[in-house]
Structure formats: C-alpha cells, structure tokens
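Chain by chain, the residues run as shown.
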Amino acid sequence: MKKNVVFMILLLMISTPMLSVGQTNVKETPEYQKQVNIYNLAKRYNDVTVIRNSIYELIAIDPDEKSWLDTLALFYFEYEQYGAAALVTNDAITIDPDNLLALEINAISMESIGLRENALNRYQSLYIKEPSLNLLYKIAFLQYELERLTECETVISQVMEDIHLFLIFRRFLYIGL
C-alpha cells in the first residue's frame, strides 16, 4: 500500500510542476508563475520550508486547482507529519470523495496517529472504490485491534477465499491449460 503512495508521490512530483500555462487566467498571472518557479527551485534544492510555503501560496492564488491540495498532503505524508496529512486529506475528500490518493493517505495517517476507528472507515471506503487483498488485510487487522472480532472473522474468511481463488488461478496459469 505504501508502494502505491510512493508511486503517486513520484507521479505528482513529476506532473505538478509541469502544469501547462494558459489553462486558466489565474495560471497566466505573474504571481502564479513566480510561485511555481519558487516551488520548482525549492524542490530542486530540497528546501522543505520553501516548498511548503510555495504550495500554500499556490493554493491561495488558485483555490480551484485541487492538485495543489494533493501535493500538500503528499508533502506532509512524505515528511511523516501524519496529523497535518490527515487534515489536508480530510479537506480533499470533502471536495472529491472519490480521490483515491487522499483516501489512502488519510487512512494511513489516521492509523499512524492512533485514530484506528477513523482509519478503518477510510480503508473500508477505499476498498469499496478499489478492492484489494492488502486493503482487506488492513481492515481485518484494524477490526481485530478494535476487538470487532465477528467482523474481523468475516473479513478473514473473505481474504482466505480470495487467496484460495488466486492460488487456483495461479496453478491454472502455471499448468498452461
């Protein structure tokens, strides 16, 4: 799961600075271009304080551009500031409930700061939108920690069934039938 987040971080770091000029009037303003340049220079020289401040400036200049909110969430997550990452992703999820990146960062952040019930809810929301065995495992683990044993048992049964189907499918591919 953290591999997905790392991949998204890399993807966002590559795509965010490459914003195409001329998409909106705001992006054509000298102030916006200046902040994008400051952001890119700060990234180049790994100046985390200036990176964070530039992101905030860009959000203030163009509040309709949601990618900067994701960038801020990734920034906080990358520097293990999970409380701030959770707050930023809460806003991102309020704006776009289908934002998978924000849901995943929020779930991991909530779990990291000890809000297991909130993390469980986010993992369940994420699983509905993008089912995976890793998410089922996390859901079962959190249910166990929260002593929701009946629910945990149900999820573990589902995990075992999915693993069994995966092994049958793998055997089928290996045999070459």
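Keep in mind it's a predicted model, so treat the numbers as computed, not measured.

**Quick notes on the overall build of the protein**
Summing up its helical and strand segments, the protein has nine helices and zero strands in all. The helix and strand sequence of the protein, counted from the amino end, reads α-α-α-α-α-α-α-α-α. The proportion of buried residues among the 177 residues of the protein is 35%. Within the protein, contacts between residues separated by at least 24 positions form 46% of all contacts whose residues are at least 6 apart in sequence.

**Thoughts on the nonpolar core**
The biggest cluster of nonpolar side chains holds 41 residues, and the ones touching the most others in it are Ile 55, Trp 68 and Tyr 123. Counting residues per element, the ones that place at least two in this core are α2 (30–44), α3 (48–61), α4 (67–78), α5 (82–95), α6 (100–112), α7 (116–129), α8 (133–145) and α9 (149–175). Examining the composition of this core, we find that eight residues originate from one element, α4, more than from any other.

**Notes on the confidence of the model for the protein**
Model confidence for the protein is summarised by a mean pLDDT of 87, while 82% of its residues fall at 70 or above. Between the elements of the protein, mean pLDDT differs from a low of 54, seen in helix α1 (residues 2–15), to a high of 98, seen in α6. Overall, residues 18–23 carries pLDDT values under 50, and its contacts beyond four positions in sequence, including any with other chains, amount to seven contacts.

**Description of α7**
When the terminal C-alpha atoms of α7 are compared, their 20 Å separation across 14 residues agrees well with the 20 Å that a helix rising 1.5 Å per residue should span. When we look at burial in α7, the residues that qualify are Ala 119, Leu 120, Tyr 123, Leu 126 and Tyr 127. For α7, the angular spread of buried residues about the axis comes to 130°, placing them on one side.

**Here we look at unusual backbone geometry**
For residues other than glycine, phi is negative in most cases, and the peptide bonds are mostly trans. One non-glycine residue, Asn 46, lies in the positive phi region at around 55°. Tracing the backbone through its elements, the reader meets Asn 46 in the loop between α2 and α3. We classify Asn 46 as exposed; its relative accessible area is 53%. Even without glycine at this site, Glu 147 takes up a positive phi of about 60°.

**Let's talk about the packing of aromatic side chains**
A complete count under the given rule lists five aromatic pairs for this structure. Judged by centre distance (5.6 Å) and plane angle (70°), the rings of Phe 75 and Tyr 76 are edge-to-face. Relative accessible area serves as the criterion here: at 8%, Phe 75 is assigned to the buried category. Since its relative accessible area comes to 7%, Tyr 76 is described here as buried. Between Phe 75 and Tyr 79, the aromatic rings sit 5.0 Å apart at their centres with planes inclined by 50°, giving tilted as the arrangement. Residue classification places Tyr 79 among the partly exposed residues on the basis of a relative accessible area of 34%.

**Observations regarding α4**
Helix length check: α4, at twelve residues, gives a terminal C-alpha distance of 16 Å against a target of 16 Å (1.5 Å per residue), a fit within 8%. Most of α4 sits out of view: eleven of its twelve residues are buried. When we look at burial in α4, the residues that qualify are Ser 67, Trp 68, Leu 69, Asp 70, Thr 71, Leu 72, Ala 73, Leu 74, Phe 75, Tyr 76 and Phe 77. Among the residues trailing α4, Glu 80 stands out with phi positive, at a value near 55°.

**Focus: the packing of α4 against α6**
Interhelical geometry of α4 versus α6 gives an angle of 30° and a closest axis separation of 11 Å. Relative to α6, the element α4 is oriented roughly parallel. Crossing geometry of α4 relative to α6 is assigned as left-handed. On α6, the residues that touch Asp 70, Ala 73, Leu 74 and Phe 77 of α4 are Leu 101, Ile 105, Ile 108 and Ser 109. Here the contact of α4 with α6 is built from residues that sort into six nonpolar, one polar and one charged.

Conventions we followed
Residues numbered from 1 in each chain as written. Predicted model: local features only at pLDDT ≥ 70, side-chain atom pairs only at ≥ 80, totals over all residues. Heavy atoms only, no water. Helix = DSSP H or I, 4+ residues; strand = E, 2+ residues; numbered from the N terminus. Buried < 20%, exposed > 50% of the residue type's maximum accessible area, 1.4 Å probe, protein only. Contact = heavy atoms within 4.5 Å. Core = buried A, V, L, I, M, F, W, Y, C linked by side-chain atoms within 4.5 Å. pLDDT = per-residue confidence, 0-100. Expected span 1.5 Å × (residues − 1). Arc of directions from axis to C-beta. Phe/Tyr/Trp six-rings, centres within 6.5 Å; stacked < 30°, edge-to-face > 60°. Axes fitted to C-alpha atoms, helices over the stretch in contact; angles between N-to-C directions. Parallel < 35°, antiparallel > 145°, perpendicular 65-115°, else oblique. Left-handed = near helix turned anticlockwise from the far one by under 90°. Nonpolar A, V, L, I, M, F, W, Y, C, P; charged D, E, K, R; others polar.

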